[in-house]
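# Chains, contacts and geometry: an overview
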Amino acid sequence: QVSLVESGGGLVQSGGSLSLSCAASGNIFSRNVMGWYRQTPGNERELVAVIFSGGVKKYAEFAEGRFTISRDIAYNSVYLQMNSLKPDDTAVYYCNLRALAGDDHDYWGPGTQVTVAS
């Protein structure tokens, strides 16, 4: 029903910046939460940041002060500006949309690789 696609990943030096984008399409429920998660091989996927339709934002501790999440409701898009990147930020970053339709349902993009070189 819903498709997500990420863009903007790549290779950067420690201390550099990257901007990630995600566009959603399909049968998108009007009430939803969009966000970013990341995952490294052998580890669980972890929350980076989420943003609600009303604009409320939530960040993981490692992202506070360095990452900024935003969204464009009209274009069903979510963005992540990442500054002061560290090697520990290296991961596959996934876009997420959670439809708040009684039984909440998560949709995921295919992911985009972010690599931070030391």
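Described in the following lines is the structure provided in the data block. For clarity, every value in this text was computed on a predicted model and none was experimentally measured.

For R71, the location among the structural elements is in strand 7 (residues 67-72). Polar contacts involving the side chain of R71 include one to the side chain of N32, which spans 2.7 Å. From its side chain, R71 meets the backbone oxygen of I51 in a polar contact 3.3 Å long.

Within the element layout of this structure, S77 appears in strand 8 (residues 77-82). For S77, the side chain forms a polar contact with the main-chain oxygen of Y75, separated by 3.0 Å.

Now for the pairing of strand 7. Only one face of strand 7 is buried, namely the one carrying F67, I69 and R71, since none of T68, S70 and D72 on the opposite face is buried. Here strand 7 pairs with strand 8 via six bridges, running antiparallel. What sits directly across from S70, in strand 8, is Y79.

Cut-off values and rules
Residues numbered from 1 in each chain as written. Predicted model: local features only at pLDDT ≥ 70, side-chain atom pairs only at ≥ 80, totals over all residues. Heavy atoms only, no water. Helix = DSSP H or I, 4+ residues; strand = E, 2+ residues; numbered from the N terminus. Polar contact = N/O pair within 3.5 Å; in protein donor to acceptor, adjacent residues only side chain to side chain. Buried < 20%, exposed > 50% of the residue type's maximum accessible area, 1.4 Å probe, protein only. Pairing = 2+ DSSP bridges.

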